Amino acid sequence: MNWDDTTDDLTAPERLVGASADGEDQAVEAALRPKDLGEFIGQEKVREQLDLVLRAARARGATADHVLLSGAPGLGKTTLSMIIAAEMGAPIRITSGPAIQHAGDLAAILSSLQEGEVLFLDEIHRMSRPAEEMLYMAMEDFRVDVVVGKGPGATAIPLELPPFTLVGATTRAGLLPPPLRDRFGFTAHMEFYAPDELERVIHRSARLLDVEIDAEGAAEIAGRSRGTPRIANRLLRRVRDYAQVKADGVITREVASAALQVYEVDTRGLDRLDRGVLEALLKLFGGGPVGLSTLAVAVGEERETVEEVAEPFLVREGLLARTPRGRIATPAAWAHLGLTPPGASAPGAAGRTAGNGQGDLFGA
Ligand SMILES: Nc1ncnc2c1ncn2[C@@H]1O[C@H](COP(=O)(O)OP(=O)(O)OP(=O)(O)O)[C@@H](O)[C@H]1O
(Lines give C-alpha, C1' and ligand atoms only; values in the text may rest on other atoms or scores of the structure.)
Protein backbone atom coordinates (compact mmCIF):
# COMPACT_ATOMS: atom_id res chain seq x y z
CA MET A 1 0.00 0.00 0.00
CA ASN A 2 1.48 3.33 -1.00
CA TRP A 3 0.16 6.15 1.11
CA ASP A 4 1.73 8.78 -1.14
CA ASP A 5 -0.97 7.99 -3.66
CA THR A 6 -3.52 9.53 -1.35
CA THR A 7 -2.20 12.98 -2.23
CA ASP A 8 -3.20 12.48 -5.87
CA ASP A 9 -6.63 11.19 -5.04
CA LEU A 10 -7.74 12.27 -1.64
CA THR A 11 -10.27 9.49 -1.41
CA ALA A 12 -7.73 6.97 -2.64
CA PRO A 13 -9.58 3.73 -3.30
CA GLU A 14 -6.65 1.57 -2.20
CA ARG A 15 -7.48 2.46 1.39
CA LEU A 16 -9.40 -0.46 2.79
CA VAL A 17 -11.43 1.99 4.84
CA GLY A 18 -11.73 4.60 2.06
CA ALA A 19 -15.36 5.45 1.34
CA SER A 20 -15.14 5.83 -2.44
CA ALA A 21 -15.61 2.82 -4.68
CA ASP A 22 -12.64 0.96 -6.16
CA GLY A 23 -12.80 -1.34 -9.19
CA GLU A 24 -13.62 -4.42 -7.15
CA ASP A 25 -16.37 -2.56 -5.27
CA GLN A 26 -17.96 -1.51 -8.53
CA ALA A 27 -17.98 -5.07 -9.80
CA VAL A 28 -19.48 -6.51 -6.62
CA GLU A 29 -21.78 -3.66 -5.63
CA ALA A 30 -24.25 -4.27 -8.41
CA ALA A 31 -24.96 -7.68 -6.90
CA LEU A 32 -25.25 -6.32 -3.37
CA ARG A 33 -27.54 -3.36 -4.01
CA PRO A 34 -30.98 -3.55 -2.42
CA LYS A 35 -33.57 -3.47 -5.18
CA ASP A 36 -36.51 -1.80 -3.42
CA LEU A 37 -37.24 0.42 -0.42
CA GLY A 38 -38.21 -2.58 1.68
CA GLU A 39 -34.75 -4.10 1.25
CA PHE A 40 -32.94 -0.81 1.91
CA ILE A 41 -31.58 -0.94 5.47
CA GLY A 42 -31.59 2.02 7.88
CA GLN A 43 -32.20 5.70 6.97
CA GLU A 44 -35.72 5.25 8.38
CA LYS A 45 -36.85 8.85 7.96
CA VAL A 46 -35.54 9.15 4.40
CA ARG A 47 -37.21 5.86 3.47
CA GLU A 48 -40.53 6.82 4.99
CA GLN A 49 -40.58 10.23 3.31
CA LEU A 50 -39.43 8.92 -0.05
CA ASP A 51 -42.01 6.17 0.10
CA LEU A 52 -44.73 8.82 0.45
CA VAL A 53 -43.34 10.94 -2.40
CA LEU A 54 -43.17 7.96 -4.75
CA ARG A 55 -46.53 6.43 -3.81
CA ALA A 56 -48.29 9.75 -4.26
CA ALA A 57 -46.67 10.30 -7.67
CA ARG A 58 -47.65 6.79 -8.72
CA ALA A 59 -51.23 7.32 -7.57
CA ARG A 60 -51.42 10.52 -9.62
CA GLY A 61 -49.87 8.77 -12.60
CA ALA A 62 -47.26 11.54 -12.57
CA THR A 63 -43.50 11.66 -12.76
CA ALA A 64 -41.93 11.93 -9.29
CA ASP A 65 -40.57 15.28 -8.12
CA HIS A 66 -36.85 15.92 -8.40
CA VAL A 67 -34.90 14.46 -5.46
CA LEU A 68 -31.67 15.70 -3.90
CA LEU A 69 -29.65 13.19 -1.86
CA SER A 70 -26.80 14.49 0.24
CA GLY A 71 -24.36 12.59 2.40
CA ALA A 72 -20.88 11.09 2.57
CA PRO A 73 -19.68 8.61 -0.09
CA GLY A 74 -20.79 5.00 0.24
CA LEU A 75 -23.99 5.63 2.21
CA GLY A 76 -26.31 4.47 -0.57
CA LYS A 77 -27.13 7.47 -2.77
CA THR A 78 -26.66 5.57 -6.05
CA THR A 79 -28.57 2.64 -4.61
CA LEU A 80 -31.48 4.89 -3.62
CA SER A 81 -31.60 6.50 -7.06
CA MET A 82 -31.91 3.05 -8.63
CA ILE A 83 -34.62 2.18 -6.14
CA ILE A 84 -36.51 5.36 -7.07
CA ALA A 85 -36.45 4.30 -10.73
CA ALA A 86 -37.47 0.74 -9.89
CA GLU A 87 -40.33 1.88 -7.65
CA MET A 88 -41.57 4.19 -10.42
CA GLY A 89 -41.15 1.46 -13.02
CA ALA A 90 -38.94 3.86 -14.96
CA PRO A 91 -35.59 3.48 -16.69
CA ILE A 92 -32.56 5.22 -15.20
CA ARG A 93 -29.68 7.10 -16.78
CA ILE A 94 -26.56 7.60 -14.66
CA THR A 95 -24.05 10.39 -15.12
CA SER A 96 -22.02 12.76 -12.96
CA GLY A 97 -21.24 16.45 -12.60
CA PRO A 98 -17.60 16.16 -13.70
CA ALA A 99 -18.74 14.34 -16.88
CA ILE A 100 -20.87 17.34 -17.87
CA GLN A 101 -18.46 20.13 -18.63
CA HIS A 102 -20.41 21.87 -21.40
CA ALA A 103 -24.06 22.82 -21.57
CA GLY A 104 -24.15 20.85 -24.84
CA ASP A 105 -23.25 17.64 -22.96
CA LEU A 106 -26.27 18.13 -20.76
CA ALA A 107 -28.55 19.08 -23.64
CA ALA A 108 -27.61 15.85 -25.41
CA ILE A 109 -28.53 13.77 -22.35
CA LEU A 110 -31.74 15.65 -21.57
CA SER A 111 -33.03 15.56 -25.12
CA SER A 112 -32.65 11.79 -25.28
CA LEU A 113 -34.56 11.05 -22.04
CA GLN A 114 -37.77 9.06 -22.22
CA GLU A 115 -40.91 10.24 -20.47
CA GLY A 116 -40.69 9.50 -16.73
CA GLU A 117 -37.02 8.48 -16.90
CA VAL A 118 -34.84 9.00 -13.83
CA LEU A 119 -31.64 10.95 -14.47
CA PHE A 120 -29.12 10.30 -11.70
CA LEU A 121 -26.56 13.08 -11.53
CA ASP A 122 -23.83 12.15 -9.06
CA GLU A 123 -21.54 14.88 -7.68
CA ILE A 124 -23.98 17.46 -8.97
CA HIS A 125 -21.99 20.22 -7.22
CA ARG A 126 -19.15 19.65 -9.70
CA MET A 127 -21.09 20.54 -12.84
CA SER A 128 -19.96 23.50 -14.93
CA ARG A 129 -21.80 26.82 -14.51
CA PRO A 130 -23.38 26.94 -18.00
CA ALA A 131 -24.63 23.35 -17.63
CA GLU A 132 -26.02 24.19 -14.19
CA GLU A 133 -27.94 27.14 -15.61
CA MET A 134 -29.39 24.98 -18.36
CA LEU A 135 -30.46 22.49 -15.71
CA TYR A 136 -32.52 25.16 -13.86
CA MET A 137 -34.85 25.57 -16.81
CA ALA A 138 -34.93 21.86 -17.59
CA MET A 139 -35.96 21.03 -14.02
CA GLU A 140 -38.61 23.71 -13.79
CA ASP A 141 -40.16 23.92 -17.25
CA PHE A 142 -38.92 20.70 -18.93
CA ARG A 143 -37.44 22.86 -21.62
CA VAL A 144 -33.92 23.91 -22.64
CA ASP A 145 -32.64 26.58 -24.96
CA VAL A 146 -30.01 25.15 -27.26
CA VAL A 147 -27.74 27.91 -28.48
CA VAL A 148 -26.67 27.53 -32.08
CA GLY A 149 -23.82 29.59 -33.49
CA LYS A 150 -21.53 32.08 -31.76
CA GLY A 151 -21.35 35.82 -31.13
CA PRO A 152 -24.03 38.23 -32.36
CA GLY A 153 -25.44 35.64 -34.80
CA ALA A 154 -26.10 33.06 -32.07
CA THR A 155 -29.70 31.93 -31.74
CA ALA A 156 -31.41 30.03 -28.96
CA ILE A 157 -33.64 27.22 -30.16
CA PRO A 158 -36.13 26.12 -27.51
CA LEU A 159 -36.40 22.37 -27.07
CA GLU A 160 -39.26 20.72 -25.21
CA LEU A 161 -38.29 17.83 -22.93
CA PRO A 162 -40.41 14.95 -21.69
CA PRO A 163 -41.12 15.11 -17.93
CA PHE A 164 -38.31 13.35 -16.06
CA THR A 165 -37.12 12.96 -12.46
CA LEU A 166 -33.72 14.33 -11.64
CA VAL A 167 -32.00 12.63 -8.71
CA GLY A 168 -29.01 14.74 -7.73
CA ALA A 169 -26.39 13.43 -5.33
CA THR A 170 -23.83 15.47 -3.49
CA THR A 171 -21.47 14.95 -0.62
CA ARG A 172 -21.90 18.61 0.27
CA ALA A 173 -25.38 20.10 -0.09
CA GLY A 174 -23.98 23.39 1.21
CA LEU A 175 -21.95 23.80 -1.99
CA LEU A 176 -25.03 23.86 -4.20
CA PRO A 177 -26.21 27.29 -5.30
CA PRO A 178 -29.60 28.06 -3.69
CA PRO A 179 -31.43 28.35 -7.06
CA LEU A 180 -30.45 24.76 -7.82
CA ARG A 181 -31.26 23.48 -4.32
CA ASP A 182 -34.67 25.16 -4.45
CA ARG A 183 -35.67 23.30 -7.58
CA PHE A 184 -35.69 19.93 -5.86
CA GLY A 185 -39.11 18.92 -4.55
CA PHE A 186 -37.62 16.58 -1.97
CA THR A 187 -34.26 16.74 -0.23
CA ALA A 188 -32.89 13.96 1.93
CA HIS A 189 -29.78 13.93 4.04
CA MET A 190 -28.24 10.49 4.50
CA GLU A 191 -26.68 9.86 7.90
CA PHE A 192 -23.89 7.48 8.85
CA TYR A 193 -25.30 4.07 9.82
CA ALA A 194 -25.61 2.79 13.38
CA PRO A 195 -23.68 -0.42 14.20
CA ASP A 196 -26.85 -2.56 14.32
CA GLU A 197 -27.84 -1.33 10.85
CA LEU A 198 -24.39 -2.19 9.51
CA GLU A 199 -24.72 -5.64 11.04
CA ARG A 200 -27.90 -6.11 9.02
CA VAL A 201 -26.11 -4.90 5.87
CA ILE A 202 -23.31 -7.40 6.56
CA HIS A 203 -25.68 -10.33 7.18
CA ARG A 204 -27.57 -9.52 4.00
CA SER A 205 -24.38 -9.23 1.91
CA ALA A 206 -22.98 -12.43 3.44
CA ARG A 207 -26.14 -14.24 2.38
CA LEU A 208 -25.83 -12.93 -1.17
CA LEU A 209 -22.13 -13.80 -1.32
CA ASP A 210 -22.82 -17.21 0.19
CA VAL A 211 -20.55 -16.61 3.18
CA GLU A 212 -21.26 -18.08 6.59
CA ILE A 213 -21.05 -15.52 9.39
CA ASP A 214 -22.31 -15.51 12.97
CA ALA A 215 -23.80 -12.57 14.90
CA GLU A 216 -20.54 -11.74 16.69
CA GLY A 217 -18.53 -11.88 13.48
CA ALA A 218 -20.92 -9.40 11.88
CA ALA A 219 -20.75 -7.13 14.95
CA GLU A 220 -16.95 -7.17 14.83
CA ILE A 221 -16.90 -6.05 11.19
CA ALA A 222 -19.71 -3.51 11.71
CA GLY A 223 -17.79 -1.80 14.51
CA ARG A 224 -14.85 -1.16 12.19
CA SER A 225 -16.86 0.01 9.17
CA ARG A 226 -16.96 3.74 9.92
CA GLY A 227 -20.74 3.93 9.68
CA THR A 228 -20.56 3.20 5.93
CA PRO A 229 -22.16 0.24 4.12
CA ARG A 230 -19.60 0.31 1.30
CA ILE A 231 -16.77 -0.12 3.83
CA ALA A 232 -18.74 -2.83 5.66
CA ASN A 233 -19.14 -4.77 2.40
CA ARG A 234 -15.46 -4.35 1.53
CA LEU A 235 -14.25 -5.48 4.97
CA LEU A 236 -16.62 -8.44 4.75
CA ARG A 237 -14.96 -9.54 1.50
CA ARG A 238 -11.47 -9.25 2.98
CA VAL A 239 -12.50 -11.15 6.12
CA ARG A 240 -14.08 -13.81 3.92
CA ASP A 241 -10.70 -14.28 2.16
CA TYR A 242 -9.02 -14.73 5.51
CA ALA A 243 -11.69 -17.13 6.75
CA GLN A 244 -11.28 -19.19 3.60
CA VAL A 245 -7.49 -19.39 3.77
CA LYS A 246 -6.78 -19.43 7.50
CA ALA A 247 -9.96 -20.84 9.03
CA ASP A 248 -12.81 -23.08 7.99
CA GLY A 249 -14.57 -20.40 5.95
CA VAL A 250 -16.92 -19.37 8.76
CA ILE A 251 -16.66 -15.77 10.02
CA THR A 252 -16.72 -15.61 13.81
CA ARG A 253 -15.58 -12.76 16.06
CA GLU A 254 -12.10 -14.31 16.37
CA VAL A 255 -11.74 -14.75 12.61
CA ALA A 256 -12.96 -11.20 11.85
CA SER A 257 -10.71 -9.70 14.49
CA ALA A 258 -7.62 -11.63 13.34
CA ALA A 259 -8.31 -10.79 9.69
CA LEU A 260 -8.73 -7.08 10.29
CA GLN A 261 -5.59 -7.03 12.39
CA VAL A 262 -3.75 -8.36 9.33
CA TYR A 263 -5.29 -5.58 7.24
CA GLU A 264 -4.42 -3.00 9.92
CA VAL A 265 -7.98 -1.85 10.52
CA ASP A 266 -8.39 -1.42 14.26
CA THR A 267 -11.41 -1.86 16.53
CA ARG A 268 -12.79 1.60 15.77
CA GLY A 269 -12.07 1.42 12.04
CA LEU A 270 -8.86 3.46 12.10
CA ASP A 271 -6.26 2.37 9.57
CA ARG A 272 -2.51 2.87 9.47
CA LEU A 273 -2.73 6.47 8.29
CA ASP A 274 -5.27 7.48 10.96
CA ARG A 275 -3.30 5.77 13.68
CA GLY A 276 -0.04 7.29 12.44
CA VAL A 277 -1.52 10.77 12.81
CA LEU A 278 -2.83 10.04 16.30
CA GLU A 279 0.41 8.37 17.37
CA ALA A 280 2.45 11.39 16.25
CA LEU A 281 0.08 13.80 17.97
CA LEU A 282 0.24 11.88 21.25
CA LYS A 283 3.80 10.63 21.34
CA LEU A 284 5.72 13.47 19.69
CA PHE A 285 3.61 16.46 20.71
CA GLY A 286 2.11 15.36 24.03
CA GLY A 287 -1.39 15.54 22.57
CA GLY A 288 -0.99 19.03 21.07
CA PRO A 289 -1.84 21.68 20.25
CA VAL A 290 0.32 21.32 17.17
CA GLY A 291 0.04 22.96 13.77
CA LEU A 292 -1.20 20.94 10.81
CA SER A 293 2.02 21.39 8.81
CA THR A 294 4.18 20.15 11.68
CA LEU A 295 1.92 17.17 12.21
CA ALA A 296 2.03 16.36 8.49
CA VAL A 297 5.84 16.46 8.43
CA ALA A 298 5.96 14.22 11.50
CA VAL A 299 3.91 11.52 9.77
CA GLY A 300 5.63 12.01 6.41
CA GLU A 301 2.44 12.99 4.61
CA GLU A 302 1.19 16.00 2.70
CA ARG A 303 -0.83 18.55 4.68
CA GLU A 304 -3.86 17.85 2.49
CA THR A 305 -3.67 14.11 3.14
CA VAL A 306 -3.71 14.63 6.89
CA GLU A 307 -6.38 17.32 6.73
CA GLU A 308 -8.73 15.77 4.18
CA VAL A 309 -8.13 12.03 4.42
CA ALA A 310 -7.30 11.28 8.05
CA GLU A 311 -8.74 14.10 10.13
CA PRO A 312 -12.44 14.09 9.20
CA PHE A 313 -12.94 10.62 10.62
CA LEU A 314 -10.76 11.30 13.68
CA VAL A 315 -12.81 14.44 14.39
CA ARG A 316 -16.08 12.59 13.82
CA GLU A 317 -14.94 9.89 16.24
CA GLY A 318 -14.12 12.51 18.87
CA LEU A 319 -10.42 11.55 18.87
CA LEU A 320 -8.99 14.81 17.55
CA ALA A 321 -10.10 18.44 17.72
CA ARG A 322 -9.18 21.25 15.37
CA THR A 323 -8.67 24.45 17.33
CA PRO A 324 -7.32 27.90 16.37
CA ARG A 325 -4.10 26.97 18.21
CA GLY A 326 -3.64 23.68 16.38
CA ARG A 327 -4.65 20.04 16.55
CA ILE A 328 -5.43 18.55 19.97
CA ALA A 329 -5.93 14.94 20.97
CA THR A 330 -8.97 14.24 23.13
CA PRO A 331 -8.93 11.98 26.23
CA ALA A 332 -10.62 9.33 24.03
CA ALA A 333 -7.54 9.33 21.76
CA TRP A 334 -5.22 8.56 24.68
CA ALA A 335 -7.56 5.81 25.84
CA HIS A 336 -7.89 4.34 22.35
CA LEU A 337 -4.13 3.98 21.93
CA GLY A 338 -3.74 2.78 25.51
CA LEU A 339 -1.43 5.68 26.39
CA THR A 340 -1.31 7.95 29.42
CA PRO A 341 -1.68 11.72 28.98
CA PRO A 342 1.21 13.73 30.49
CA GLY A 343 0.54 14.54 34.13
CA ALA A 344 -2.10 11.83 34.53
CA SER A 345 -1.47 8.77 36.65
CA ALA A 346 -0.58 5.66 34.68
CA PRO A 347 -3.59 3.59 33.71
CA GLY A 348 -4.11 0.25 35.33
CA ALA A 349 -4.36 -2.92 33.38
CA ALA A 350 -7.86 -1.89 32.29
CA GLY A 351 -6.47 1.34 30.86
CA ARG A 352 -3.91 -0.51 28.81
CA THR A 353 -6.33 -3.04 27.44
CA ALA A 354 -8.54 -0.16 26.33
CA GLY A 355 -6.20 -0.04 23.35
CA ASN A 356 -6.92 -2.22 20.38
CA GLY A 357 -4.33 -4.88 20.68
CA GLN A 358 -2.26 -3.39 17.88
CA GLY A 359 0.19 -1.45 20.01
CA ASP A 360 2.98 -3.68 18.68
CA LEU A 361 2.56 -2.14 15.24
CA PHE A 362 3.13 1.36 16.44
CA GLY A 363 5.02 0.91 19.71
CA ALA A 364 7.79 3.44 20.32
N1 LIG B 1 -29.12 1.01 3.12
C2 LIG B 1 -28.39 0.05 2.57
N3 LIG B 1 -28.70 -1.24 2.71
C4 LIG B 1 -27.93 -2.20 2.16
N5 LIG B 1 -26.83 -1.97 1.42
C6 LIG B 1 -26.49 -0.70 1.21
C7 LIG B 1 -27.25 0.37 1.76
N8 LIG B 1 -26.68 1.53 1.40
C9 LIG B 1 -25.62 1.22 0.66
N10 LIG B 1 -25.50 -0.12 0.54
C11 LIG B 1 -24.44 -0.83 -0.18
O12 LIG B 1 -23.26 -0.04 -0.12
C13 LIG B 1 -22.65 0.05 -1.40
C14 LIG B 1 -22.42 1.51 -1.74
O15 LIG B 1 -23.64 2.15 -1.95
P16 LIG B 1 -23.81 3.30 -3.05
O17 LIG B 1 -22.97 3.02 -4.25
O18 LIG B 1 -25.27 3.46 -3.27
O19 LIG B 1 -23.24 4.53 -2.28
P20 LIG B 1 -23.16 6.07 -2.73
O21 LIG B 1 -23.63 6.89 -1.58
O22 LIG B 1 -23.84 6.26 -4.03
O23 LIG B 1 -21.62 6.27 -2.90
P24 LIG B 1 -20.88 7.35 -3.85
O25 LIG B 1 -21.26 8.68 -3.32
O26 LIG B 1 -19.43 7.01 -3.66
O27 LIG B 1 -21.35 7.07 -5.25
C28 LIG B 1 -23.56 -0.71 -2.36
O29 LIG B 1 -22.99 -1.95 -2.65
C30 LIG B 1 -24.83 -0.95 -1.62
O31 LIG B 1 -25.26 -2.26 -1.86
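Here the structure is a predicted model, which is why all the values come from computation and not from measurement.

### Comments concerning the packing of aromatic side chains
- Counting across every chain of the model gives 1 aromatic pair.
- Here Phe142 and Phe164 contribute two aromatic rings whose centre-to-centre distance is 5.3 Å and whose plane-to-plane angle is 80°, an arrangement assigned as edge-to-face. Here the residue Phe142 occupies a position in the loop between α5 (129-141) and β4 (143-148), and Phe164 occupies one in the loop between β5 (155-160) and β6 (165-170), the gap between them amounting to 22 residues.
- Residue classification places Phe142 among the partly exposed residues on the basis of a relative accessible area of 23%.

### A word on the pairing of β4
- Pairing analysis gives 6 bridges linking β4 to β5, with the strands arranged antiparallel. In the strand pairing of β5, Val147 is matched with Ala156.
- In this antiparallel pair of consecutive strands, β4 and β5, the connection spans 6 residues, and Gly149 shows a positive phi of 85°.

### Brief notes about the pattern of salt bridges
- This structure, assessed with the given rule, holds 26 salt bridges.
- Arg204 serves as the salt-bridge partner of Glu39, at 2.6 Å between the closest nitrogen and oxygen. Here Arg204 lies in helix α7 (residues 195-209) and Glu39 lies in the loop between α1 (23-32) and α2 (44-60), a separation of 165 residues in the sequence.
- Relative accessible area serves as the criterion here: at 11%, Arg204 is assigned to the buried category.
- Close ionic contact of Arg183 with Glu140 constitutes a salt bridge, the shortest N to O distance being 3.3 Å. With a gap of 43 residues between them, Arg183 in the loop between α6 (178-181) and β7 (186-189) and Glu140 in helix α5 connect regions that are remote in the sequence.
- Here the salt bridges do not stand alone but share partners, grouping Arg15, Arg226, Asp271 and Asp274 into one network.

### A short note on the UniProt feature "binding site: Mg(2+)" (unreviewed entry) in the chain
- As recorded in UniProt, the sites labelled "binding site: Mg(2+)" (unreviewed entry) are Thr78.
- Mapped onto the elements of the fold, Thr78 is located in helix α3 (residues 77-88).
- Residues in contact with Thr78, not counting those within four places in the same chain, are Arg33, Phe120 and Asp122.

### A look at the site of the ligand
- Near the ligand you find 19 residues, and of these Ile41, Lys77, Thr78, Thr79 and Arg230 are the closest.
- At 3.2 Å, a backbone N or O of Leu32 approaches an oxygen atom of the ligand.
- Within the backbone of Ile41, one N or O atom sits 2.7 Å away from a nitrogen atom of the ligand.
- Its free accessible area being 630 Å², the ligand has 95% of it covered by the protein chains.
- Secondary structure elements with two or more residues in the shell around the ligand: α1, α3 and α9 (229-246).
- Within the shell around the ligand, the residues separate by chemical class into 9 nonpolar, 5 polar and 5 charged.
- Split by domain, the residues of the shell around the ligand number at least three in each of domain 1 (43-189) and domain 2 (195-262).

### Here we look at the side chain of Thr79
- Locating Thr79 in the fold gives a position in helix α3.
- Here the side chain of Thr79 touches Arg33 through a polar contact of 2.9 Å, side chain to side chain.

About the cut-offs
- Residues numbered from 1 in each chain as written.
- Predicted model: local features only at pLDDT ≥ 70, side-chain atom pairs only at ≥ 80, totals over all residues.
- Heavy atoms only, no water.
- Phe/Tyr/Trp six-rings, centres within 6.5 Å; stacked < 30°, edge-to-face > 60°.
- Helix = DSSP H or I, 4+ residues; strand = E, 2+ residues; numbered from the N terminus.
- Buried < 20%, exposed > 50% of the residue type's maximum accessible area, 1.4 Å probe, protein only.
- Pairing = 2+ DSSP bridges.
- Salt bridge = Lys/Arg side-chain N within 4 Å of Asp/Glu carboxyl O.
- UniProt positions renumbered as here; feature names shortened; annotations may be inferred.
- Contact = heavy atoms within 4.5 Å.
- Near = heavy atom within 4 Å.
- Polar contact = N/O pair within 3.5 Å; in protein donor to acceptor, adjacent residues only side chain to side chain.
- Areas by Shrake-Rupley, 256 points an atom, 1.4 Å probe, with all protein chains shown as cover.
- Nonpolar A, V, L, I, M, F, W, Y, C, P; charged D, E, K, R; others polar.
- Domains from an automatic or database assignment.

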